[in-house]
Amino acid sequence: MRRAEITRKTAETDISVTIDLDGTGTYDNRTGVGFFDHMLDQLSRHALIDMTVRATGDLHIDDHHTVEDTGIALGQALARALGDKRGIRRYGSCLLPMDDALVRAALDLSGRPYLVWKVDFAAAKIGSFDTELVREFFQALATHGGITLNVACLDGINAHHVAEAAFKAVARALREAVETDPRKADAIPSTKGAL
């Protein structure tokens, strides 16, 4: 069963994440940050990963801790659900258009976290949401999920479209990477024999 539940509590946030890698993209995400919930919904739906997130945080300060810590917990849940990564495709990529935006995402579930982020936003905020938090989320997800992740915005002027295209592109790449490879369903996808 490729499922996991993570609970993470600090002085700044209290977060629980439940995921099922073999789901249908069913989601129920409540972080107290409306735009971020919308992005998590996109991640779940387009990765076909069932996801429930509950987060309470120090939103009276700002959204930073809640967004980053959710990325940490989600990355930890992903790593736990993947286990030894036997049978997965491991790599995934997506070139995703959304209106004016075009975002490329490529990833490797290598166990070696690294983020390459080439996304600039034309606006500092989407509503009340700081656009710099999009990178913070993906940095936390990559670090704690053991993901080599490369995200680049090739076109885009509307910050909402760029952010949403980034979440959807990563989701589609993740969907491909976590899928079972029917030709190697019992093998770890590495010549090292471990990831």
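Bear in mind that the values here come from a model prediction, so they are computed numbers and not experimental data. (Residues numbered from 1 in each chain as written. Predicted model: local features only at pLDDT ≥ 70, side-chain atom pairs only at ≥ 80, totals over all residues. Heavy atoms only, no water.)

Summed over the entire model, instances satisfying the criterion amount to twelve salt bridges. A salt bridge links Arg86 to Asp84, with the shortest nitrogen-to-oxygen separation between them at 3.3 Å. Judged by its relative accessible area of 44%, Arg86 falls in the partly exposed class. On the basis of relative accessibility, which here comes to 38%, the residue Asp84 falls in the partly exposed class. Across the pair Asp130 and Lys125 runs a salt bridge whose closest N-O atoms are separated by 2.5 Å. The partly exposed category is assigned to Lys125, whose relative accessible area is 45%. (Salt bridge = Lys/Arg side-chain N within 4 Å of Asp/Glu carboxyl O. Buried < 20%, exposed > 50% of the residue type's maximum accessible area, 1.4 Å probe, protein only.)

Here we come to the side chain of Asp108. Position of Asp108 relative to the elements: it lies in strand β6 (residues 101-108). Every residue in contact with Asp108, bar those within four places of it in the chain, is listed here: Arg90, Tyr91, Gly146, Ile147 and Thr148. (Helix = DSSP H or I, 4+ residues; strand = E, 2+ residues; numbered from the N terminus. Contact = heavy atoms within 4.5 Å.)

With that out of the way, let us pick up the sheet that holds β6. Sheet strands associate in pairs through backbone hydrogen bonding, adopting either a parallel or an antiparallel arrangement. Read across the sheet, four strands follow the order β5-β6-β10-β7 without closing on themselves; strand pairing throughout is mixed. Either end of the sheet is taken by a strand with one partner, and the two such strands are β5 (91-98) and β7 (114-118). Across the sheet, the mean angle separating the axes of adjacent strands is 10 degrees when strand polarity is ignored. Two strands pair when backbone bridges link them, and β6 and strand β10 (residues 148-155) are joined in this way by seven bridges, in the antiparallel orientation. Pairing of Leu102 across the sheet is with Asp155, part of β10. Packed onto the sheet, helix α4 (residues 159-178) meets β5, β6 and β10 and runs at close to 150 degrees relative to β5. (Pairing = 2+ DSSP bridges. Axes fitted to C-alpha atoms, helices over the stretch in contact; angles between N-to-C directions.)

For the structure shown, the criterion picks out zero disulfides. Here Cys94 stays unpaired: no disulfide links it, and the sulfur of Cys153, its closest cysteine neighbor, is 13 Å away. (Disulfide = S-S within 2.5 Å.)

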